[in-house]
Every structure is written in structure tokens, then in C-alpha cells.
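Inside the fold
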Amino acid sequence: MRKTKVERQRLLKEKIEQTPFITDEHLAKTFQVSIQTIRLDRMELAIPELRERIKYVATNQWNETVKALSLDEVIGEIIDLELDKRAISILDITSDLVFSRNKIARGHHLFAQANSLAVAVINDELALTAKSEVKFRRQVIEGERVIAKAAVEGKDEKSRTIVAVHSYVDNEKVFSGVFYMYQSNENKGEKNK
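- The protein has the name Transcription factor FapR in an unreviewed UniProt entry, where Oceanobacillus profundus is given as its organism.
- Reading the Sequence similarities (unreviewed entry) entry of the UniProt record for the protein gives the comment "Belongs to the FapR family."

Here's what the structure looks like:
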């Protein structure tokens, strides 16, 4: 049974608050209405389009600077960063990231997003991946949006920083990895320099 406009808009607002990076296309499927209906609902509720929501989050929540690499070397777009603690990035799976025959994302792109996020979260001019343990949990296909979340978990016995990265599509885990990061001696252990 279709929901009333008022009920749909209430649920739409809740859904966007819970998942701010959800696309209009996905919302249309979820609510079984056209993309145009979703856009009109957003306009009535004064909810900006996805690109503007991403810019807002990036501008208002990300107040630190990546030190170990330049932003154009990060795979995906960093939308949140707290050095030596956590980071979040998004990667839209476009046609150039998939196998042409089956539209499945090439695994090295998911790995690269996670690895570059693990490097970016380190508060040091030099951060290199010494070792990684990864697991691909399901195929990612063209048109999906991958949200990677990195968290610094501490140090190992060799004083390497341990960073756990989990990647999701619509709250379903599609990739997980643990990265053991080497960093230069001059900043080891220093926080938020």
C-alpha cells in the first residue's frame, strides 16, 4: 500500500538524516515513487541535493588536514577526518571502475579507497602500509556508493599504527581490512601536532 505524501515526506526526511549520502535514485526505489517525486519532496522539505549535502558535511565536520599524501592521491572523497582517530570517505562506482562485461567493481579500487584512507588518517608526513589483512565481503556494482570508515586502533608490537577500515554500501559491509602503518620516527606517538 502506498504511503500518503505527508507520511512519505516524514520517512524521507528520517531516511536522509540517517543516511545523508543516499541518492535520489535509491530513495525512489525505497519509496516506490519516481525520482522526480523524490526531488519535489526534497524541495518542499528544503533538503538539498546529494552534492550539496556532501559539501555541507565536508565543510562543517572536516577541520583537519591530511598530512601523509595530497588530497588528489586519496581514492574517493574524504568527508570526515580526525587525525590519528578516524576518517570517512565516499567512492561512487562509475563505469571506469568496473569490468565492462559484468559491471562489477574491480577489487583494487575498493582496496585503494581503504588503503588511502588508512594513510590519510595518520598524523605524520610519512605513512606507509607495512602490511594489510583484507576481506572482500560481496561484489560492488556500477552505480553503488561505497562509504569507507577508518578507525585507528592503536599500535602493534613493532610500533606500527593499526588502522581498521570497513566499507559499506547502503549499510551493508562490502569490504573490511586491517592496515599496519609505518610512520616516520619524528612524529611517532605524537597526537594532533
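1. Structural notes on the packing of helix α2 (residues 24–31) against helix α3 (residues 35–44)
- Contact geometry of α2 with α3 gives a least axis separation of 8 Å together with a crossing angle of 105°. If you check the angle between α2 and α3, you find them roughly perpendicular. Counting all contacts with α2, which are made through D24, E25, L27, A28 and F31, the residues of α3 involved are I35, I38, R39 and R42.
- Among the residues forming the contact of α2 with α3, the class breakdown is five nonpolar, no polar and four charged.

2. Focus on α3
- Those residues of α3 lying buried are I38, D41 and R42. Each buried residue of α3 lies within a common arc of 100° when the element is viewed along its axis, so the set occupies one face. For α3, exposure combined with an orientation more than 90 degrees from the buried face picks out M43 and E44.
- Backbone geometry just downstream of α3 places A46 in the positive-phi region, at approximately 60°.

What counts, and at which threshold
Residues numbered from 1 in each chain as written. Predicted model: local features only at pLDDT ≥ 70, side-chain atom pairs only at ≥ 80, totals over all residues. Heavy atoms only, no water. UniProt positions renumbered as here; feature names shortened; annotations may be inferred. Axes fitted to C-alpha atoms, helices over the stretch in contact; angles between N-to-C directions. Helix = DSSP H or I, 4+ residues; strand = E, 2+ residues; numbered from the N terminus. Parallel < 35°, antiparallel > 145°, perpendicular 65-115°, else oblique. Contact = heavy atoms within 4.5 Å. Nonpolar A, V, L, I, M, F, W, Y, C, P; charged D, E, K, R; others polar. Buried < 20%, exposed > 50% of the residue type's maximum accessible area, 1.4 Å probe, protein only. Arc of directions from axis to C-beta.

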